[in-house]
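An overview of the molecular structure
The primary structure of each chain is shown beneath.
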Amino acid sequence: PAAIAALAPGLTTNTPNAGQVTISGGFAYDNVFLIDGVDANDNLFGTSNPVFIEDAIADTQVLTSGISAEYGRFSGGVVNVITKSGTNNLRGSAHAFFKNDGLSSNPQLRGGGREPDSSFDQTQLGFTLGGPLQKDRLFFFLAADQQRADQTKQTDPTRIPADVVSFLAAQGLPA
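Report follows, based on the coordinates. Since the structure is predicted, the reported quantities are computational estimates derived from the model, not experimental observations.

Turning our eyes to something else, we now look at the overall build of the protein chain. Along the backbone of the protein chain there are 3 helices and 9 strands. Listed N to C, the secondary structure of the protein chain is α-β-β-β-β-β-β-β-α-β-β-α in terms of helices and strands. When contacts within the protein chain are restricted to residue pairs at least 6 apart in sequence, long-range pairs at least 24 apart make up 54% of them. Split by element, the accessible area of the protein chain, about 11,400 Å² in all, is 54% carbon and sulfur.

A positive phi angle is found at Ser 24, which is not glycine, with a value near 50°. Mapping Ser 24 onto the fold places it in the loop between β2 (22-23) and β3 (32-35). With phi around 65°, Asp 136 is a residue other than glycine that occupies positive phi space. Tracing the sequence through the fold places Asp 136 in the loop between β8 (118-134) and β9 (138-153).

Within the largest apolar cluster, 7 residues are counted, these being Ala 2, Ala 5, Leu 11, Val 21, Ile 23, Phe 33 and Val 79. In contact with Ala 5, other than residues within four places in its own chain, are Leu 11, Val 62 and Val 79.

Looking now at the environment of Arg 148. Positionally, Arg 148 belongs in strand β9. With a relative accessible area of 42%, Arg 148 lands in the partly exposed category. Sequence spacing of Arg 148 and Thr 123 is 25 residues, and the spatial spacing of their C-alpha atoms is 5.2 Å. Sequence-distant contacts of Arg 148, that is, excluding residues within four places in its chain, are made with Asp 121, Gln 122 and Thr 123.

Turning to the sheet that holds strand β6 (residues 78-83), a few remarks are in order. An order of β4-β3-β6-β5 is seen for the 4 strands of this open sheet, with the pairing classed as mixed. Looking at the sheet topology across the chains shown, the edges are occupied by β4 (38-39) and β5 (57-63). Bridging between β3 and β6 involves 4 bridges; their strand directions are parallel. From the neighbouring strand, Val 32 faces β6, where its bridge partner is Val 78.

A few words on the environment of Ser 93. Among the structural elements, Ser 93 can be located in strand β7 (residues 91-100). Considered as a pair, Ser 93 and Phe 127 are 34 residues apart in the sequence and their alpha carbons are 5.5 Å apart. Excluding anything up to four places from it in sequence, Ser 93 contacts Asp 55, Gly 126, Phe 127 and Thr 128. Reaching out from Ser 93, the side chain makes a polar contact with the side chain of Thr 128 at a distance of 2.7 Å.

The rules behind the values
- Residues numbered from 1 in each chain as written.
- Predicted model: local features only at pLDDT ≥ 70, side-chain atom pairs only at ≥ 80, totals over all residues.
- Heavy atoms only, no water.
- Helix = DSSP H or I, 4+ residues; strand = E, 2+ residues; numbered from the N terminus.
- Contact = heavy atoms within 4.5 Å.
- Areas by Shrake-Rupley, 256 points an atom, 1.4 Å probe, with all protein chains shown as cover.
- Core = buried A, V, L, I, M, F, W, Y, C linked by side-chain atoms within 4.5 Å.
- Buried < 20%, exposed > 50% of the residue type's maximum accessible area, 1.4 Å probe, protein only.
- Pairing = 2+ DSSP bridges.
- Polar contact = N/O pair within 3.5 Å; in protein donor to acceptor, adjacent residues only side chain to side chain.

Written as structure tokens, this is what we have:
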């Protein structure tokens, strides 16, 4: 939500922490992030908790001035994310994301002709589906997202996986 809100006039991402925005000159931690009207603020940094699926977002409201008192508890602004809902027509979407070191054209990531210093695999799969349960009266909307990231680092120059070195150190053994 902060990245979407940063496109609105009167906002800046020039803040002390990543994921924050300054709205109308207020403090970056004094904004309210809502998902369908429910508070989604991180209490420590004032950022939005990542409790949403991007494909399930229908609209984003950025309120910067003249804001109703119903929102309360802020001196900066309000970012309200509205999620999709079911309709009389069956609709859906699917997405897949895959990243692997072998797909990179950067020779440093591939190890420059030698074994790589690290390996990285990331997979993200998801879908949305909405439609009628009873026409013009009752609707449903589902969204799911699964992410998996595996990263293995190796120590240089031994090429021993970093998790093995950490295990040996935890046992008090030399690596």
